[in-house]
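Letter by letter, the chains look like this.
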Amino acid sequence: MRTMKRVAAVALSVVVLMTSGVSAKAAVTDVQPAKSSSDAVLKWAKKVGEPFDEKTYANNTVSKIKLVGNYLYVADDAKHRIMKIDKKDGTILKEQKYCDESYIQGYVSSIGYGDGKVYVGYDNGRVQAFDENTLESLWITDENKNAINSDFVFTNGKLYFGTTAKTTDWYDNGAPFSYYVVTTSDDDKTKPDEEKTMKKVVESKTGKFYLKKGVVLGKYIVISDTAGTLTMIDTTNDKVTDTKDIGEAFSGNITYDEMTGTIYFVAGTNDLYGIKVSADGKLKDEKKVRLYETGYSSTTPEVYNGKVYVSGSKGKAFQDKGYMAVADVSSDKYKVNYTVELSNYSQCEPTIVKTGENSVRVYFTINDEPGGIYAIEDSKDATSATLETVYEPTGDIKNTGCMSDVVVDEDGTIYFANDSKYIMSVGKKVEDTKKPVTKTVKSTRSVKLTWKKKKSAKGYVIYAKAGKGKYKKVTTVGKKTSKTIKVNKDSSYKFKVKPYKLTKKNKKKYFKAYAAKAKFGSKTVKVTFKNVTGYSSYKVQMKAGKAAYKTVKTTTKGGTITYTKKKAKVGTTYKFSLKGINKVNGKTVSVTIK
């Protein structure tokens, strides 16, 4: 049975045309977490909050998880505190009370990080900053009449966030709502309650910033409200450079593909949008495709290698089936490759794990019982996929709701939380890590190119020729006249650039190509092993190509171990493994570290 909190969330989704936002940007990673229930194991589960209580109502909120290095940060409204948790075993290392024990975070809350500080937003419209090491209070903002209930974005010494209605005004439109910025510096270190002033950047007349998150695009941030208005902000002066009204309700979040300069999001009736963003902060060409003919989506897409992965509902919130869609956005006409049916829809941003040159595994949670982790496999020409259960909690940690992102660390351990108020750490079973863990690195050589400036040129196309081969395009740059690239062959190289300008129809018109000067860097390859502990000494072993492994470094220091191979052969694949050495019963034992 759904709690009153869940019912309230349903009510809100109706208010905003069945769309409620979620989630921060998730990673695209090479790290391999457990891929199915057969190799997943619960490492630990830590209770950090209290079950729902109708007497306290919203005061049982547990924030999203923020992973920073070896620590997890989370806020808990039941005890009005922020916590620093050891990711290895779930131990609460430090905790700090909110500046006022009457403060709460609202129904679904975020937690931010940046500038060595952790940030919490409150229902009474204030943001508090805590020191990441001590959790001591550093400052708090002045009060806003609306609740801080968006995700936080930190960039260039500033924190960006938006407002929505307070929990007491759940059904009240309460417009206008605004998007704010505050500098994060601790200006008066003698005052833990130093008050900082928020600056209003954007005001929405008809929408909210409920669970919204801005996306950083260089010096710009793009943000949306629930009414469907996109806004570009120049973070150097916090001025609006462009706005765009898509004409559909929109409460999910945005993802950005740097390769194509395109933002993606879902609005209206499961409409996936792609909008180009220009270098001067303008919202340009718009494309879209309908993912499913009924229902809606309030989630955040993830984009990788010409495909967008995103979930939605086929009908009503928390009642009807959901789907995970795979859409091809690599051509001018977007298309849906296929959808996978879910028991309900996923309200997190998918995490993409690269499993091969043209294959990925997509991890996500589903907002339904038992509140676990799921995945699908996708490849270049796939037309369908099977839903795979990665981990499902049982007992006290089983729950009917889960909006958590799947957070993956550098070891492949997954961290997430559901409405049980438990944070869970899910790793791989020991028997599935019997093979030695190696790091494979292909040697390359950096080359700094410079060339003469061509008057009136809008950009340059760089070409390279290896030995007696033909010139091949490397990349395109703007007006700058230098670029560092990498080559992957031991060969003599020649480089040239072809300037171009733009016609009135915005087409490229090329000038004659001319040579670029090249300054070659050193031929090196570097390997790094992190978080190494438990042995008296360590050996780094290396093999070049098909040769045998050889010990190249011995050290007694753990932690982070690095080795740099100088005079590496460009184009050769180098593999590295790490051995730990201890003495057991008077004998030296060498173990390949898993």
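Predicted model, so just to flag it, every value in this text is computed and none were measured. (Residues numbered from 1 in each chain as written. Predicted model: local features only at pLDDT ≥ 70, side-chain atom pairs only at ≥ 80, totals over all residues. Heavy atoms only, no water.)

### Description of the overall build of the chain
Working step 1: Looking only at helices and strands, the chain features one helix and 49 strands.
Working step 2: Taking all 594 residues of the chain together, the buried fraction comes to 51%.
Working step 3: Residue pairs at least 24 apart in sequence account for 56% of intrachain contacts in the chain once pairs closer than 6 positions are excluded. (Helix = DSSP H or I, 4+ residues; strand = E, 2+ residues; numbered from the N terminus. Buried < 20%, exposed > 50% of the residue type's maximum accessible area, 1.4 Å probe, protein only. Contact = heavy atoms within 4.5 Å.)

### Quick look at the pattern of salt bridges
Working step 1: Evaluated as defined, the whole model comprises 20 salt bridges.
Working step 2: Linking Arg-81 and Glu-95 is a salt bridge whose minimum nitrogen-to-oxygen distance equals 3.2 Å. You can see Arg-81 sitting in strand β5 (residues 81–86) and its partner Glu-95 sitting in strand β6 (residues 92–97), a full 14 residues away along the chain.
Working step 3: Take Arg-81: its relative accessible area is 6%, and that puts it in the buried class.
Working step 4: Residue Glu-95 is classed as partly exposed on the basis of its relative accessible area, which comes to 43%.
Working step 5: For Glu-203, the salt bridge is made with Lys-205, and the minimal N-O distance between the two is 2.6 Å. (Salt bridge = Lys/Arg side-chain N within 4 Å of Asp/Glu carboxyl O.)

### A short note on the pairing of strand β28 (residues 335–342)
Working step 1: Relative to β28, strand β27 (residues 322–328) runs antiparallel, the two being bridged by seven bridges. By the bridge assignment, Gly-322 is partnered in β28 with Leu-342.
Working step 2: Counting the residues that bridge the hairpin from β27 to β28 gives six residues. (Pairing = 2+ DSSP bridges.)

### As for the nonpolar core
Working step 1: Among the nonpolar cores identified, the biggest contains 17 residues, and Tyr-363, Ile-373, Val-390, Tyr-391, Ile-414, Phe-416 and Val-426 are the most heavily contacted of them.
Working step 2: Going through the elements one at a time, β31 (373–379), β32 (388–391), β34 (414–417) and β35 (422–428) are the ones with two or more residues in this core.
Working step 3: Considering each element in turn, this core owes the most residues, three residues, to β35. (Core = buried A, V, L, I, M, F, W, Y, C linked by side-chain atoms within 4.5 Å.)

### What about the sheet that holds strand β40 (residues 482–487)?
Working step 1: The strand order across the open sheet formed by four strands is β40-β37-β44-β47, and the pairing between neighbours is antiparallel. Each of the sheet's edge strands pairs with one partner strand only, and the pair in question is β40 and β47 (559–566). Across the sheet, the mean angle from the axis of one strand to that of its neighbour is 30 degrees, orientation sign disregarded.
Working step 2: In the sheet, strand β44 (residues 517–532) pairs with β47 via seven bridges, with the strands oriented antiparallel. When the sheet's bridge partners are listed, Val-527 is paired in β47 with Tyr-563. (Axes fitted to C-alpha atoms, helices over the stretch in contact; angles between N-to-C directions.)

### Examining the environment of Ser-359
Working step 1: Take Ser-359: it is sitting in strand β30 (residues 359–365).
Working step 2: For the pair formed by Ser-359 and Ser-379, sequence separation is 20 residues and the distance between their alpha carbons is 4.1 Å.
Working step 3: With sequence-adjacent residues up to four places away left out, Ser-359 is seen in contact with Val-353, Lys-354, Asp-378 and Ser-379.
Working step 4: At a separation of 2.9 Å, a polar atom in the side chain of Ser-359 contacts the side chain of Thr-355.
Working step 5: At 3.2 Å, the side chain of Ser-359 and the backbone nitrogen of Gly-356 are in polar contact. (Polar contact = N/O pair within 3.5 Å; in protein donor to acceptor, adjacent residues only side chain to side chain.)

### Some thoughts on the packing of aromatic side chains
Working step 1: Applying the stated rule across the entire model yields 18 aromatic pairs.
Working step 2: Between the aromatic rings of Tyr-98 and Tyr-122, the centroid separation amounts to 5.0 Å while the plane-to-plane angle is 55 degrees, which identifies the pairing as tilted. With Tyr-98 in the loop between β6 and β7 (111–114) and Tyr-122 in the loop between β8 (117–121) and β9 (127–131), the pair connects residues that are 24 residues apart, well separated along the chain. For the pair formed by Tyr-98 and Tyr-122, the shared burial category is buried.
Working step 3: When the ring of Tyr-103 is compared with that of Tyr-122, the centres are 5.0 Å apart and the planes differ by 50 degrees; the resulting orientation is tilted. Pair noted here: Tyr-103 is in the loop between β6 and β7 and Tyr-122 is in the loop between β8 and β9, with a separation of 19 residues, a long-range link. A single burial state applies to Tyr-103 and to Tyr-122, both of which are buried.
Working step 4: Sitting over the ring of Tyr-510, Lys-498 keeps its end group 5.6 Å from the ring centre.
Working step 5: Its end group placed over the ring of Tyr-500, Lys-508 keeps NZ or CZ at 4.6 Å from the ring centre. (Phe/Tyr/Trp six-rings, centres within 6.5 Å; stacked < 30°, edge-to-face > 60°. Lys NZ or Arg CZ within 6 Å of the ring centre and 35° of its normal.)

### Quick word on the side chain of Glu-302
Working step 1: By secondary structure assignment, the location of Glu-302 is in strand β25 (residues 302–304).
Working step 2: Among the polar contacts made by the side chain of Glu-302, one reaches the side chain of Thr-255 at a distance of 3.5 Å.

### With respect to the confidence of the model for the chain
Working step 1: With 88% of its residues at a pLDDT of 70 or more, the chain shows a mean pLDDT of 86.
Working step 2: Contacts of residues 431–436 to residues separated by more than four positions or lying in other chains number seven contacts, the stretch itself having pLDDT below 50. (pLDDT = per-residue confidence, 0-100.)

### Quick word on the environment of Gly-412
Working step 1: By the secondary structure assignment, Gly-412 is in the loop between β33 (407–408) and β34.
Working step 2: With 15 residues separating them along the chain, Gly-412 and Gly-427 place their C-alpha atoms 7.0 Å apart.
Working step 3: Setting aside its immediate chain neighbours within four residues, Gly-412 contacts Val-31, Gln-32, Pro-33, Ala-34 and Val-426.

### Focus on unusual backbone geometry
Working step 1: Here the bond from Glu-369 into Pro-370 is cis, since omega is 10 degrees, no more than 30 degrees from zero.
Working step 2: Here Pro-370 lies in the loop between β30 and β31.
Working step 3: Positive phi, close to 50 degrees, is recorded for His-80, a residue that is not glycine.
Working step 4: Its location among the elements puts His-80 in the loop between β4 (71–76) and β5.
Working step 5: For Lys-421, which is not glycine, the phi torsion reads 70 degrees and is therefore positive.
Working step 6: By the element assignment, Lys-421 lies in the loop between β34 and β35.
Working step 7: Under the relative-accessibility criterion, Lys-421 is labelled buried at 5%.

### A closer look at the state of the cysteines
Working step 1: Throughout the structure, instances matching the rule amount to zero disulfides.
Working step 2: Summary of cysteine pairing: Cys-402 is not part of a disulfide, and the nearest cysteine sulfur, belonging to Cys-348, is at 7.6 Å.
Working step 3: Assessed through its relative accessible area of 0%, Cys-402 is described here as buried. (Disulfide = S-S within 2.5 Å.)

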